[in-house]
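Structural features, examined
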Amino acid sequence: MNMLSNKKIIVIVAGGIAAYKAPEVVRVFKQAGAKVKVVMTKSAAEFTTALALQAVSGDFVHTDLFNDELSSGMGHIELAKWADAIVIAPATANLVSNLAAGRAEDLATSICLATDKNILIAPAMNVQMWENSITQENIKSLKSRDFTFHGPTAGELACGDVGQGRMSDPETFPNAVYKMLKKGIWQGKNVLITAGPTIEPIDPVRFISNHSSGAMGYEIARRSVEVGANVILISGPSVMNPPYECETINVETADQMFEKTFEQINTKIIDIVFCVAAVCDYKPLIYSKEKIKKQGKNLTFELIQNKDILAELCKIKNRPFVVGFAAETENIEDKGLKKFNEKGCDVLATNDVSSYDSGFNSQYNKLLVISRKNKKIIERDYKYNVAKKLIDFVHSEINS
Ligand SMILES: Cc1cc2nc3c(=O)[nH]c(=O)nc-3n(C[C@H](O)[C@H](O)[C@H](O)COP(=O)(O)O)c2cc1C
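Residues numbered from 1 in each chain as written. Predicted model: local features only at pLDDT ≥ 70, side-chain atom pairs only at ≥ 80, totals over all residues. Heavy atoms only, no water.

1. Quick word on the pattern of salt bridges
- Per the stated rule, a full pass over the model turns up 19 salt bridges.
- Note that R27 is salt-bridged to E171, the shortest N-O span being 3.6 Å. Of the two residues, R27 is situated in helix α1 (residues 22-31) and E171 in the loop between β7 (162-166) and α8 (173-182); the sequence distance between them amounts to 144 residues.
- According to the relative accessible area criterion, R27 is partly exposed, its value standing at 32%.
- When the shortest N-O distance is used, the salt bridge between R103 and E105 registers 3.1 Å.
- With a relative accessible area of 42%, R103 lands in the partly exposed category.
- What emerges from the salt-bridge pattern is a single network uniting D84, E219, R222, R223 and E226. (Salt bridge = Lys/Arg side-chain N within 4 Å of Asp/Glu carboxyl O. Helix = DSSP H or I, 4+ residues; strand = E, 2+ residues; numbered from the N terminus. Buried < 20%, exposed > 50% of the residue type's maximum accessible area, 1.4 Å probe, protein only.)

See below:
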């Protein structure tokens, strides 16, 4: 799979000579698997064309804060929410200065102020502009606010001067974004996530399972990768694509999920485990090797209990930080607290799977999250946003 597979990137093109290289930056991002939307400043149109950028991005190029074609008429907010990362290539001295001052007078600056996503700035300018102490102060201020700088490099500049000020080579951008997205609060942490349903075979064509889609676990995996973790995802059958950077281990039954989880725990240093999988509590006592035929009478199966991965994990001495999930259909808080005390995990996230608009097979979820000292409701939102808030909660619990 490609390095930036399915990552959503906004490329902001500002008005410097290097804007002529912007279509090439867009092209390499697309080649690396990213989805790209382009925003141009007014000045950028003096150096390159919206048509060229539209042709390589395959999408409408956004230029106007007040007359954007996005549905809500709030283009800057929609674009800021859509993106996984924002790249400014080239970034002019003027745009760097506006960002450092927190200005929002056009579409480009408004998006940058309205986003909580990572921003990569690739400056390109004359060497005197670059070395000017005002520019350097602006850069210092932006770096202290977590903006990432890529370049400039040294060499002969468009104006004929020689020195620092050339925009980095377009080919280097995917790697720079990949590295930027890996920076974060869980840099270097090893996170293991179980996700999806398990299936418990009755015979070669039938099984017991549940409605879990895997989406919640996959979004926790995606967010963990974004905040810098090395992620192992142990997944039951799911139609979702795991994040590119995860090591994914596919399993089917609860027994396989148990075995693979403990294989990882026993052979690697795992810092945090999220038990998100909807593991079947029971499996048929007897598996029929042949398809069971209709017998003209009722059929009774004996079911036996599967091993409890979460409970077993919590018994380990010097164990990782363990986050459990509980799917409940009524008395969410009481049942969540009971399960939290029984299992002995560090955090328990309880979700109400009875409601039609969140939980199983939905893009949305809402959680009641319980720890020894804290209790928090994560309100109904897209599962990715819920995953973000859950990871922030877990992070503060680990550091409390
Ligand atoms: C021919 C020409 C080339 C320019 N090249 C650059 C450049 O490479 N880098 C830069 O920071 N500004 C450059 N500028 C100045 C910017 O175009 C100017 O500061 C503009 O306001 C930037 O607008 P923007 O930041 O909204 O895109 C150049 C101006 C002209 C006329």
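Still more ground to cover, so stick around.
2. Things to note about the pairing of strand β19 (residues 375-382)
- In the sheet, strand β18 (residues 364-371) pairs with β19 via six bridges, with the strands oriented antiparallel. Bridged to L367 within β19 is I378.
- The antiparallel hairpin formed by β18 and β19 contains three residues in its connecting segment. (Pairing = 2+ DSSP bridges.)

3. With respect to the sheet that holds strand β8 (residues 190-195)
- Taking strand neighbours across the sheet as the criterion, the eight strands line up as β12-β11-β8-β13-β16-β17-β18-β19 in an open arrangement whose pairing is mixed. Among the strands making up the open sheet, the edge pair consists of β12 (247-250) and β19. Strand-to-strand, the axes of this sheet are offset by a mean angle of 15°, without reference to chain direction.
- Relative to β12, strand β11 (residues 230-235) is paired through four bridges, and the arrangement is parallel. In the sheet register, S235 faces β12, and the bridge partner there is N250.
- Sheet contacts for helix α12 (residues 332-343): β16 (321-328), β17 (347-352), β18 and β19; angle to β17, the most-contacted strand, approximately 150°. (Axes fitted to C-alpha atoms, helices over the stretch in contact; angles between N-to-C directions. Contact = heavy atoms within 4.5 Å.)

4. Re the sheet that holds strand β5 (residues 148-149)
- The parallel open sheet is built from five strands, whose spatial order is β2-β1-β3-β4-β5. With one partner strand each, in any of the chains shown, β2 (35-40) and β5 form the two edges of the open sheet.
- Sheet analysis places strand β4 (residues 118-123) next to β5, joined by two bridges and oriented parallel. Across the sheet, I121 pairs through a bridge with F149, a residue of β5.
- Sheet strands touched by helix α4 (residues 93-100): β1 (8-13), β3 (85-91) and β4. Its angle to β3, the strand with the most contacts, is close to 140°.

5. Looking at unusual backbone geometry
- A cis geometry characterises the amide bond from A89 onward to P90, with omega recorded as -5°.
- Position of P90 relative to the elements: it lies in strand β3.
- Residue P152 is reached from G151 by a cis peptide bond, and omega for that bond is 5°.
- Its identity as a non-glycine residue notwithstanding, N318 has a phi of 50°, on the positive side.
- Along the polypeptide, N318 turns up in the loop between α11 (309-315) and β16.
- When its relative accessible area of 81% is taken as the criterion, N318 is described as exposed.

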